[in-house]
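Listed here are the chains, written in short residue letters.
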Amino acid sequence: MVAEYTVFRRALEALARLQQAGPPLTLYFLESFLVLILIILLVSFVAAGLWIFYRADDTRLLMAAPFPLGGLYLLRSIQTFTQTGWALAVLGGPALAALGAAYGKPAAFYARGAMILVLFGALAGGAAVVLTTAAGAAFRHARTRVGVGAAVCILLAGFAILVGRNVIPSTSDFYAIFEPGILNGKPSSIKFIEAKFGLWPSHPFAAELYAVATGGRAGSAVSRTLLWLTPLASLALAATLGRRLYARTLPALAEGLGFAASAPAGPGGRRRFPRRLHGAVGAIIERDLLAIARSPSELGRAAFLGFLLVLYTAFIVVAPLGAAAATPETIARLLLFDVVAAGYFLTAFGLRFVFPAMSLEGRAAWLFFSSPIPIFRVFLAKLLVYGGLLTLVVVPIAVLGALRLVRDPAVAAGVAALVVTVALTTTTLALGLGAAWPNFREPNPEFLTTSGGGLALTLICLPYVALMGWVARRAALAAAAGGSALGWALAPVPLSAGLGAAAVALAYWRIRALEAA
């Protein structure tokens, strides 16, 4: 959040110094930023809410207890929004603080801006509840992971189309933004942006933030009315239509073959396991992969993190760079962003899925460690599988963004080598620290990521990722000056190898201690 505040403040101060194009570009930033928060919140809410609303462990107990259905519906709504509304605070808070600091606003601005964000959160939360209950009703006859996956994919596809057409600026959009004409006392560029974002529900909130911060004219009497009416309408719709859909769908899902049913047993008795891999180690690895593949909550979180990475990369791929593409410093900074974004999401994936891998053996871990299975071989097999999967998923997306920026094969190869190095190093650190400080009493991986080992992993990985982004920038600048990009890309290999070797050695020492105990 501190880094976000710094970046946002510098960007907004740079826009404020532009005389004519500064105000419309600031409005464009606020409009697109609130659209991004809205998309993140809706997709995250639906991905987690379909599980929380219908598959939470205590759902059947609360249905059988003298607990009103309306109270259960309200409980699930608040619970889901508490878990998935992080974008409003983690992204919106630093942006609001940076906006006030860039324009030198007093404390009253922050109070008013916070109220606007609260109203925006009410709008997004009510809409997310309705979308979740509507998706539950639409996919009530589907298997859990199919329903969650289909709902998330439909949302992502729809938002990708809308964002590509309406949010990411084109070259013609920039020409319109720099248009100097004034229509009815309002610059034509502001009118163009208002027309472009007018149908997004976030538009009244972005326009009000712009007007309060800059003192410029944006929005209209209708948008200022919608600023208050749309949150109330959204909550009213959630209280009526959403509650009705939930009341109609929940009993069927709790008693039928849909979300609340366990996986049906296959006919013909037992099936051979493992099916794809071989041996005791292969059985453990295949069990881990099947546990993730068959868990809608795990798949939803993985898909959501992947969506964020694709979204950030898409801004690089489709953004009209124009003359900026010929500036080495601009290209170097964008490559830094590309590598840092990939490293950030590799850290997030590792923290959420790789770090808890050993702890999720649970209270039966004593059987695991007292068995004749070589545990360190299991550790190495998990390292190979998780490292390979994260490399195959994240590296192509990051390299695609790099190829959009550079045509020099040496620079592109250097960036690819950096991202592969980051993928392997972060995976090794996550699995090594998770094996060194396991918690076999905690079955929830969300809580495991906030443990001391998870905090240590975060504190190590984030500076390391920032360093790798700086190396990518220096490699691009060196290539532009006629130097060697691959030399810079290979420079952090000793550091990465040292971190990985230390994590493996620490895991080996702890595993030997657990086996002996």
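This one's a predicted model, so the numbers in the text were calculated from it and none came from an experiment.

## Examining the overall build of the protein chain
Secondary structure summary: the protein chain contains 22 helices and two strands in total. The buried share of the protein chain, taken over its 517 residues, is 48%. For the protein chain, long-range pairs separated by at least 24 residues make up 82% of all intrachain contacts whose partners lie at least 6 apart in sequence. Surface accessibility of the protein chain: about 24200 Å² in total, with carbon and sulfur atoms responsible for 68%.

## Focus on helix α1 (residues 2-17)
Between its first and last C-alpha, α1 extends 23 Å over 16 residues, near the 22 Å set by a 1.5 Å rise per residue. Considered for burial, the residues of α1 that qualify are Phe8, Leu12 and Leu15. All buried residues of α1 fall inside an arc of 55° around its axis, so they share one side. Opposite the packed face of α1, turned more than 90 degrees from it, sit the exposed residues Val2, Ala3, Val7, Arg10 and Arg17. Structurally, α1 contributes buried residues whose contacts are with α2 (22-55) and α6 (92-102).

## With respect to the nonpolar core
If you look at the biggest cluster of nonpolar residues, it comprises 66 residues, and the most contacted ones within it are Leu34, Ile37, Phe120, Phe205 and Tyr246. The element best represented in this core is α2, accounting for 21 residues. Not counting residues up to four positions away in its chain, the partners in contact with Tyr246 are Phe53, Tyr54, Leu69, Leu72, Tyr73, Arg76, Thr133 and Pro251. With 58 residues, the next largest nonpolar core counts Leu335, Leu346, Leu431 and Ala503 among its residues.

## Looking at helix α18 (residues 409-436)
Between its terminal C-alpha atoms α18 stretches 40 Å, which fits the 40 Å expected from 28 residues at 1.5 Å a residue. Counting buried positions over the 28 residues of α18 gives 21, a clear majority of the element.

## With respect to the confidence of the model for the protein chain
Per-residue pLDDT for the protein chain averages 78, and the proportion of residues at 70 or more is 80%. The spread of mean pLDDT over the elements of the protein chain runs between strand β1 (residues 182-183), the lowest at 54, and helix α7 (residues 107-138), the highest at 89. Of the regions scoring below 50 in pLDDT, residues 257-267 engages in 26 contacts with residues more than four places distant in sequence or in other chains.

## As for the pattern of salt bridges
Should the charged atoms of two oppositely charged side chains come close, the side chains can pair. Counted by the stated rule, this structure contains two salt bridges. For Glu208, the salt bridge goes to Arg112, with nearest N and O atoms at 2.9 Å. One end of the pair, Glu208, is in helix α11 (residues 203-214); the other, Arg112, is in helix α7, with 96 residues separating them in the sequence. Taking relative accessible area as the criterion, Glu208 reaches 12% and is therefore assigned buried. Looking at Arg112, the relative accessible area reads 46%, which means it is partly exposed.

## Some thoughts on a nonpolar patch on the surface
Taken together, the side chains of Val222, Leu226, Leu229 and Leu232 present a nonpolar region at the surface, about 380 Å² in accessible area. For Leu232, the location among the structural elements is in helix α12 (residues 221-255). Here Leu232 falls in the exposed class, since its relative accessible area comes to 58%.

## Brief notes about the packing of α1 against α2
Interaxial distance between α1 and α2 falls to 8 Å at its minimum, and their mutual angle equals 145°. Within the contact between the two elements, α1 uses Phe8, Leu12 and Leu15 and α2 uses Gly22, Leu25, Thr26, Phe29 and Phe33.

## Remarks on the packing of α2 against helix α10 (residues 188-197)
Contact geometry for α2 and α10: axes closest at 9 Å, N-to-C directions at 10°. Relative to α10, the element α2 is oriented roughly parallel. Residues Pro23, Pro24, Leu27, Tyr28, Glu31, Ser32 and Val35 of α2 pack against Ser189, Ile190, Ile193, Lys196 and Phe197 of α10.

## Considerations on the environment of Leu462
Along the chain, Leu462 falls in helix α20 (residues 452-480). Of the residues examined, Leu462 reaches a relative accessible area of 39% and is grouped as partly exposed. Each C-alpha atom, one on Leu462 and one on Thr426, is 9.7 Å from the other, the two residues being 36 residues apart in sequence.

## Overview of the packing of aromatic side chains
Each aromatic ring pair is described using two quantities: the centre-to-centre distance and the angle formed by the ring planes. The tally for this structure, following the rule as stated, stands at 15 aromatic pairs. Considering the side-chain rings of Phe8 and Phe33, the 5.2 Å spacing of their centres and the 80° angle between planes classify their relative orientation as edge-to-face. One end of the pair, Phe8, is in helix α1; the other, Phe33, is in helix α2, and 25 residues separate them in sequence. Note on Phe376 and Tyr508: the rings are 4.9 Å apart at their centroids and 80° apart in plane angle, and the pair reads as edge-to-face. With Phe376 in helix α17 (residues 375-405) and Tyr508 in helix α22 (residues 493-516), this pair connects stretches of sequence that are 132 residues apart. Look at Phe376 and you get partly exposed, because its relative accessible area is 23%. Owing to a relative accessible area of 37%, Tyr508 belongs among the partly exposed residues under this scheme. Following the ring pairs from residue to residue traces out a cluster consisting of Phe45, Phe53, Tyr73 and Tyr246.

Each value, and the rule that gives it
- Throughout, a residue's number is its position along its own chain's written sequence, starting from 1.
- The predicted origin of the model limits local features to residues at a pLDDT of at least 70 and limits the giving and counting of side-chain atom pairs to 80 or more, whereas totals for whole chains, interfaces and linings rest on all residues.
- Calculated side-chain values reflect all of the structure's heavy atoms, with hydrogen atoms and water omitted.
- Runs of E in the DSSP output that reach at least two residues are strands. Runs of H or I that reach at least four are helices, and both are numbered from the N terminus.
- Between buried and exposed lies partly exposed: a residue is buried under 20% and exposed over 50% of the maximum accessible area for its type, with that area taken using a 1.4 Å probe on protein chains only.
- Should any heavy atoms of two residues lie within 4.5 Å, those residues are counted as being in contact.
- Areas reported as accessible are Shrake-Rupley estimates using a 1.4 Å probe. Residue values count occlusion only from the protein chains shown.
- The span one expects for a helix is its residue count, reduced by one, times 1.5 Å.
- By definition, the arc is the one covered by directions from the helix axis to the C-beta atoms.
- Residue types Ala, Val, Leu, Ile, Met, Phe, Trp, Tyr and Cys, when buried and joined through side-chain atoms within 4.5 Å, form a set referred to as a nonpolar core.
- The pLDDT value tells you how sure the predictor is about a given residue, anywhere from 0 up to 100.
- Whenever a carboxyl oxygen of Asp or Glu lies within 4 Å of a side-chain nitrogen of Lys or Arg, that contact is scored as a salt bridge.
- Each patch is built from residues lacking any salt bridge and having more than 30% relative accessible area; the joining distance is 9 Å for like charges and 5 Å for nonpolar side chains (Val, Leu, Ile, Met, Phe, Trp, Tyr).
- Think of each axis as a best-fit line through the C-alpha atoms, taken over the contacting stretch in the case of a helix, with angles from 0 to 180 degrees between the N-to-C directions.
- These descriptions rest on fixed angle ranges, namely under 35 degrees for roughly parallel, over 145 for roughly antiparallel, 65 to 115 for roughly perpendicular, and the rest for oblique.
- For Phe, Tyr and Trp, where Trp contributes only its six-membered ring, two rings pair if their centres lie within 6.5 Å, and the inter-plane angle classes them as stacked under 30 degrees, edge-to-face over 60, or tilted in between.

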